[in-house]
Amino acid sequence: MTRTSSGLARVNADPSQVFQKQSLLEQHQSVKHAVSELRDGDSGKNIVWIIFNTGWTDKNKLPKIHRILKIHNSQKILAKFEDFREAVKSKATRDIARAASGATTRRDERCIVDGNELLRFHCTTFLCNLGQHGNSALCSQVYCSACGIIRSGFSPKLDGISTFATSWRAHEAIPNDVEAEFAFMNVKRAMLVCRVVAGRVGCDPMVADKEDPGFDSLVGRSSAGMGKMDDDELLVFNPRAVLPCFVIVYSV
Ligand SMILES: [Zn+2]
Ligand SMILES: [Zn+2]
């Protein structure tokens with residue numbers, strides 16, 4: 001009896017309702033189970049800990065890590081990232097075929113293989129208790145940047161999304177007194193460890209053709225002076241190119 005009735009229910013189910021249920025479930029997963037804390041002894045935690053600490057030169061003043069969270073990106077966000085990578089790969093293949101000089105650089109090869117994927121850091125802030133005591137849910141506060149980025153990716157920026165080769169440089173990109181100044185909002189720091197499809201990296205923003213820049217990302221401009229480059233910084237123009245994978249909650 002039960003088999004028959006459940007079978008009937010399946011047949012009669014409105015496909016759009018099934019779809020709606022599926023997408024509600026996905027939404028629930030991506031918002032309520034967005035992160036999980038990596039535990040001591042977890043090899044992943046060790047690796048993230050090491051790459052986070054590497055860039056800090058003053059070993060006596062290492063930042064205090066409160067917790068390391070793994071981000072469970074939704075299928076939708078993962079698909080966007082992989083689609084972007086495929087677009088970069090096929091563009092690189094076309095460009096090289098067109099150039100036909102036979103002189104492919106190492107970077108061109110990387111573009112064709114994996115879109116020139118790099119590991120980068122982006123420092124941001126958050127207001128909620130993400131990841132604390134097993135809290136895996138994203139909040140919906142407008143000014144909670146970390147939750148916003150994890151929920152819907154980075155926002156496009158005219159000057160590019162700033163990513164850094166070391167966590168220390170990423171840390172420096174945010175004012176030192178941000179926690180003190182916004183203490184009334186309970187602002188805390190979060191370092192995002194991101195996979196970035198850098199594609200073709202351009203060097204000089206001054207000569208770039210805006211219509212067909214020929215690059216997918218750009219080396220940062222040094223604060224030291226005009227025309228100077230900052231190799232540690234990579235500016236990314238397409239938000240899909242950046243996939244945050246871990247959150248490190250820390251303080252200095
Ligand atoms: Zn649930
Ligand atoms: Zn939040």
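It should be noted that the structure appears before, not after, this text.
Note that the structure is predicted; figures quoted are calculated from it, not measured.

Undergrad: So what exactly am I meant to see when it comes to the layout of surface pockets here?
TA: If a probe as big as a water molecule is rolled over the atoms, it shows which places are left empty. When its volume is computed, the largest pocket comes out at roughly 620 Å³. Forming the walls of the largest pocket are 27 residues, and the residues nearest its centre are Ser30, Ser74, Lys76, Ile77 and Arg151. Secondary-structure elements contributing two or more residues to the lining of the largest pocket are helix H2 (15–32), helix H4 (75–99), helix H6 (145–152) and strand S9 (242–251). Of the residues forming the lining of the largest pocket, the biggest block, 6 residues, is contributed by H2. The residue makeup of the lining of the largest pocket, split by class, is 11 nonpolar, 11 polar and 5 charged.

Undergrad: It is not clear to me how the nonpolar core should be interpreted in this structure. Could you clarify?
TA: Side chains that are nonpolar tend, in soluble globular proteins, to be buried together. Of all hydrophobic cores here, the largest spans 56 residues; its most connected members are Phe126, Leu130, Ile150, Met191, Val247 and Ile248. Top contributing element to this core by residue count: S9, with 8 residues. If near-sequence neighbours (up to four positions away) are discounted, Phe126 is found in contact with Arg67, Cys144, Ala146, Asn186, Val187, Lys188, Arg189, Ala190 and Val249.

Undergrad: Sorry if this is basic, but what is going on with the coordination of the zinc ion (ligand 2) here?
TA: For a metal with four donors in a tetrahedral arrangement, the ideal angle between donors is 109.5 degrees, while six donors in an octahedron ideally sit at 90 or 180 degrees. Around the zinc ion (ligand 2), the donor atoms from the protein are Cys128 (SG), Cys139 (SG), Cys144 (SG) and Cys147 (SG), and they sit 2.2 to 2.3 Å away. One can describe the donor arrangement at the zinc ion (ligand 2) as tetrahedral, given that its 4 donor atoms subtend angles of 102 to 114° at the metal. Sequence spacing among the residues donating to the zinc ion (ligand 2) works out to C-x10-C-x4-C-x2-C. For Cys139, a relative accessible area of 16% gives the class buried.

Undergrad: Help me understand the packing of aromatic side chains, please; the structure alone is not making it clear to me.
TA: For any pair of aromatic rings, the description consists of the separation of the ring centres together with the inter-plane angle of the planes. Tallying each qualifying case throughout the model produces 4 aromatic pairs. Aromatic pair Phe182 and Phe184: ring centres 6.2 Å apart, planes at 40°, arrangement tilted. Taking relative accessible area as the criterion, Phe182 reaches 31% and is therefore assigned partly exposed. Among the aromatic residues, those joined into a cluster by ring pairs are Phe52, Trp56 and Tyr250. Cation over ring: Lys188 sits above Phe126, and NZ or CZ is 5.0 Å from the ring centre.

Undergrad: What exactly am I supposed to notice about helix H3 (residues 43–54) here?
TA: Along an α-helix, residues three or four positions apart point the same way, because every turn accommodates 3.6 residues. A rise of 1.5 Å per residue sets the reference length of H3, with its 12 residues, at 16 Å; its end C-alpha atoms lie 17 Å apart and thus fit the reference within 8%. Regarding H3, the residues found buried are Lys45, Val48, Phe52 and Asn53. For H3, the buried positions fall inside an angular range of 125° around the axis, keeping them on one side. Within H3, the exposed residues directed more than 90 degrees away from the buried face are Ser43, Ile47 and Thr54. Of the surrounding secondary structure, the elements contacted by the buried residues of H3 are strand S2 (64–71), strand S3 (117–126), helix H7 (167–172), strand S5 (188–197) and S9.

Undergrad: Looking at this structure, how should I read the pairing of S9?
TA: Along a regular strand, successive side chains alternate from one face of the sheet to the other. Of all 10 residues that make up S9, 9 are buried, and the element is covered over most of its length. By the bridge criterion, 6 bridges tie S2 to S9 in an arrangement that is antiparallel. Within S9, the position partnered with Lys64 by the bridge is Ser251. Direction of pairing for S5 relative to S9: antiparallel, over a ladder of 8 bridges. Note on S9: the bridge partner recorded for Val196 is Val242.

Cut-off values and rules
- Residues numbered from 1 in each chain as written.
- Chains lettered and ligands numbered in written order.
- Predicted model: local features only at pLDDT ≥ 70, side-chain atom pairs only at ≥ 80, totals over all residues.
- Heavy atoms only, no water.
- 1 Å grid on protein atoms, 1.4 Å probe; cavity = no way out; pocket = protein on both sides within 12 Å on 5 of 7 lines; lining within 4 Å.
- Points joined across faces, edges and corners; volume = space filled by probe spheres on them.
- Helix = DSSP H or I, 4+ residues; strand = E, 2+ residues; numbered from the N terminus.
- Nonpolar A, V, L, I, M, F, W, Y, C, P; charged D, E, K, R; others polar.
- Core = buried A, V, L, I, M, F, W, Y, C linked by side-chain atoms within 4.5 Å.
- Buried < 20%, exposed > 50% of the residue type's maximum accessible area, 1.4 Å probe, protein only.
- Contact = heavy atoms within 4.5 Å.
- Donors = N, O, S within 2.8 Å, 3.2 Å for Na, K, Ca; no water.
- Tetrahedral: all angles 85-135°; square planar, octahedral: opposite > 155°, others 65-115°.
- Phe/Tyr/Trp six-rings, centres within 6.5 Å; stacked < 30°, edge-to-face > 60°.
- Lys NZ or Arg CZ within 6 Å of the ring centre and 35° of its normal.
- Expected span 1.5 Å × (residues − 1).
- Arc of directions from axis to C-beta.
- Pairing = 2+ DSSP bridges.

None of this, on its own, says anything about what the molecule does.
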